[in-house]
Amino acid sequence: MSTNLVVGGVNLSIYGLEEYKSKQENCPVSVIFSLHGRLQNAEEMTKINTALTDLNSKAPRDASSRTHLLVVSFDHVNHGSRLVDNNKNLAWRDTEYDNRTHAMDMWSFQKSAADTVSLLIDLLEFYIFPEQNTKIVQYGVLGFSLGGHASYLASSKDSRLSLCVALVGCADYEALLKYRASSMDLPLQAPYLPERFLTNVVRKLDTIQQPENLFSIKLLMINGGQDKLVPAKCNTDFVEKVRTSHKGVEGKDWEWLILPSLGHEWSAEMIQSCTQWCFEWMHNKTM
């Protein structure tokens, strides 16, 4: 069950809130922002959101480290309830429409989502717990595909996030764009890939350019070995930065999983890894 709420002009679906209130829980709260993929909407995240909030029933009720997990979803800009022009959600040389501004459009979606996550960290607790002392003790972000790109970006910008789970996403936007352009024999220049866009925006603001926040948080990255849309190889340079600089232990505090048979899709193994990772994080109480 989810609760609908408008914060900062954005429609939110909050999973686990009614359960928390009905049980008159007093334990602290953890929040995960759940970000959907391109051409999708927030409802596409229902399965993973439900699996995550089901974790609330698995922790011992007397555990001193226990927190109650809320999962928050919203539609990306120009998606779902916020749709303005569906052509701008399409890619280069799509069968429906050749969206020549695909690079800039997709950047705007992930940047907007990352900014929205920060806005919600500022404001959310005052909407859901208006008469209480602070109950939210930690924030995380999880995303699929475009939502995965946005999860990386949000975590690189906002040090209040202590969990990042990126599913078939990429932290190196330039590498991803150049792979896609090359696979279509497109020129690496305007109108498809303007050099000034790369220089003035991507190379200044992308996750791989400012990865330091990700070196101290709980970080799970999952890519598919058969993914042709967001190949694992596009994440290689970023993962090497994590490997040499993360303050934690690989396999415990951070991990990069390449699932050999996975394409650009969900899988049971992916959901299991996500829920296990998030369950451990729920009991850290980092803030």
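Quantities reported herein were computed from a predicted structural model and do not represent experimental measurements.

1. Remarks on helix H5 (residues 173-183)
For step 1, the next point in the chain: By the burial criterion, the buried members of H5 are Tyr173, Glu174, Leu176, Leu177, Arg180 and Ala181. Projection of H5 onto a plane perpendicular to its axis shows the buried side chains occupying an angular sector of 160°, all on one side.
For step 2, the next point in the chain: Residues of H5 that are buried sit in contact with helix H3 (102-128), helix H4 (146-157) and helix H6 (195-205).

2. Observations concerning the sheet that holds strand S6 (residues 161-167)
For step 1, the next point in the chain: Strand order in the open sheet made by the eight strands is S1-S2-S4-S3-S5-S6-S7-S8, with mixed pairing throughout. With partners counted over all chains shown, the strands left at the sheet margins are strand S1 (2-7) and strand S8 (254-259), one partner each. Taken pair by pair, the neighbouring strands of this sheet meet at an average axis angle of 20°, ignoring direction.
For step 2, the next point in the chain: Pairing of strand S3 (residues 29-35) with strand S5 (residues 136-144), which is carried by seven bridges, proceeds in the parallel orientation.

3. A look at H4
For step 1, the next point in the chain: In a regular helix each residue adds 1.5 Å, so twelve residues correspond to 16 Å; H4 covers 17 Å between its end C-alpha atoms and thus fits that length.
For step 2, the next point in the chain: All of the buried residues in H4 are Leu146, Gly147, Gly148, His149, Ala150, Ser151, Tyr152, Leu153, Ala154, Ser155 and Ser156.

4. Describing the pairing of strand S2 (residues 10-15)
Moving residue by residue along a regular strand, the side chains alternate between the two faces of the sheet.
For step 1, the next point in the chain: Within S2, five of the six residues are buried, leaving the element largely enclosed by the surrounding structure.
For step 2, the next point in the chain: The sheet contact formed by S1 and S2 spans six bridges and is antiparallel. Considered in S2, the bridge of Val7 is made with Val10.
For step 3, the next point in the chain: Here S2 pairs with strand S4 (residues 68-73) via three bridges, running antiparallel. For Tyr15, the partnering residue across the bridge sits in S4 and is Val71.

5. Some thoughts on the pattern of salt bridges
For step 1, the next point in the chain: This structure, assessed with the given rule, holds twelve salt bridges.
For step 2, the next point in the chain: Close ionic contact of Glu19 with Lys23 constitutes a salt bridge, the shortest N to O distance being 3.3 Å.
For step 3, the next point in the chain: Glu195 serves as the salt-bridge partner of Arg203, at 2.7 Å between the closest nitrogen and oxygen.
For step 4, the next point in the chain: Judged by relative accessible area, which is 43%, Glu195 ranks as partly exposed.
For step 5, the next point in the chain: In the salt-bridge network here, residues are joined through shared partners; they are Glu174, Lys178, Glu195 and Arg203.

6. Quick word on the packing of H5 against H6
For step 1, the next point in the chain: Two numbers describe how H5 lies on H6: the axes approach to 10 Å, and their chain directions differ by 140°. Here H6 runs oblique to H5, going by the angle between their axes. For the pair H5 and H6, the contacting residues are Tyr173, Glu174, Leu177 and Lys178 in the first and Phe197, Leu198, Val202 and Arg203 in the second.
For step 2, the next point in the chain: Across the contact of H5 with H6, the residue classes break down as five nonpolar, no polar and three charged.

Rules of the game
- Residues numbered from 1 in each chain as written.
- Predicted model: local features only at pLDDT ≥ 70, side-chain atom pairs only at ≥ 80, totals over all residues.
- Heavy atoms only, no water.
- Buried < 20%, exposed > 50% of the residue type's maximum accessible area, 1.4 Å probe, protein only.
- Helix = DSSP H or I, 4+ residues; strand = E, 2+ residues; numbered from the N terminus.
- Arc of directions from axis to C-beta.
- Contact = heavy atoms within 4.5 Å.
- Pairing = 2+ DSSP bridges.
- Axes fitted to C-alpha atoms, helices over the stretch in contact; angles between N-to-C directions.
- Expected span 1.5 Å × (residues − 1).
- Salt bridge = Lys/Arg side-chain N within 4 Å of Asp/Glu carboxyl O.
- Parallel < 35°, antiparallel > 145°, perpendicular 65-115°, else oblique.
- Nonpolar A, V, L, I, M, F, W, Y, C, P; charged D, E, K, R; others polar.

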